[in-house]
Amino acid sequence: GSPSPRFLLADHLEYRHLDRLPPAPEKAPAPLTDVAGRLEIFRQLGLDWALVKPFTPDLAAQEPEIFLESLTRCTRARGVVCGENYTFGRGGRGNADLLRRLGREWGFQVEIVESVTDGGEVVSSTLIRSLLKNGQRERALRLLGRRAEG
């Protein structure tokens, strides 16, 4: 079959939606899974390759259309999948609606995945961090689709 690529922004939480220099690393939320761990998960899911790009202040300053054009051009994307709350580009101005419109205009498919909820709460990295902070490790692992080890 054809390759199944994945685009991964390394350390994206440190720079998310900023139009200025990133905050001090000690103030940024820690990633739930490091880059090596995410790449292993992708491998287990059957993905053939991943483009890992550092999320720098210059990248954060790109307008959504420029960011998406550079991404789809270098990967020759035929389809893009993202969550319904996904934002991209300078100040997080790009969203699922823009992605759909650009997909139609530029000739690639777009699939928007609905948010997952658990107990009435949207499952997010913020929720997972809160659960871990409050000692609810088992629920956090369940929501991440992982088993407790050790």
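*Asks:* I keep staring at the pairing of strand 3 (residues 79-83) and nothing clicks. Help me out?
*Replies:* Along strand 3, the buried face is formed by Val80 and Cys82; none of Gly79, Val81 and Gly83, which line the opposite face, is buried. Bridge count for strand 3 against strand 4 (residues 109-113) is five bridges, and the pairing is parallel. For Val80, the partnering residue across the bridge sits in strand 4 and is Val110. Following the chain from strand 3 across helix 5 (residues 96-106) to the adjacent parallel strand 4, one finds a crossover that is right-handed.

*Asks:* So what exactly am I meant to see when it comes to the pattern of salt bridges here?
*Replies:* It is possible for side chains bearing opposite charge to pair when their charged atoms get close. The final tally for this structure, using the stated rule, is eight salt bridges. Where Glu63 meets Arg93, a salt bridge forms, and the shortest distance between an N and an O atom there is 2.8 Å. Here Glu63, found in the loop between helix 3 (57-60) and helix 4 (64-75), pairs with Arg93, found in the loop between strand 3 and helix 5; they are 30 residues apart in sequence, far enough to count as distant. Judged by relative accessible area, Glu63 falls into the partly exposed class, the value being 31%. Taking the relative accessible area as the measure of exposure, Arg93 reaches 46% and is therefore partly exposed. Among the ionic pairs, Arg142 bridges to Asp118, the shortest N-O distance being 3.1 Å. One end of the pair, Arg142, is in helix 7 (residues 137-144); the other, Asp118, is in strand 5 (residues 117-118), and 24 residues separate them in sequence. With relative accessibility at 17%, the residue Asp118 sits in the buried group. A single network of salt bridges, built from pairs that share partners, joins Asp118, Glu121, Arg139 and Arg142.

*Asks:* Looking at this structure, I do not really get the nonpolar core. What am I missing?
*Replies:* What tends to happen in soluble globular proteins is that the nonpolar side chains get buried as a cluster. Phe67, Leu68, Phe88, Leu99, Phe108 and Ile112 are the most contacted members of the largest nonpolar core, which has 15 residues in total. Contributions of two or more residues to this core are made by helix 3, helix 4, strand 3 and helix 5.

*Asks:* Explain the side chain of Thr72 to me, please; I cannot follow it from the model alone.
*Replies:* Inspection of the secondary structure puts Thr72 in helix 4. For Thr72, the residues in contact, after removing those within four places along its chain, are Ala77, Trp106 and Phe108.

Parameters at a glance
- Residues numbered from 1 in each chain as written.
- Predicted model: local features only at pLDDT ≥ 70, side-chain atom pairs only at ≥ 80, totals over all residues.
- Heavy atoms only, no water.
- Buried < 20%, exposed > 50% of the residue type's maximum accessible area, 1.4 Å probe, protein only.
- Helix = DSSP H or I, 4+ residues; strand = E, 2+ residues; numbered from the N terminus.
- Pairing = 2+ DSSP bridges.
- Right-handed = clockwise from strand over helix to strand, strands pointing away.
- Salt bridge = Lys/Arg side-chain N within 4 Å of Asp/Glu carboxyl O.
- Core = buried A, V, L, I, M, F, W, Y, C linked by side-chain atoms within 4.5 Å.
- Contact = heavy atoms within 4.5 Å.

Function-wise, these values are silent; they only describe arrangement.
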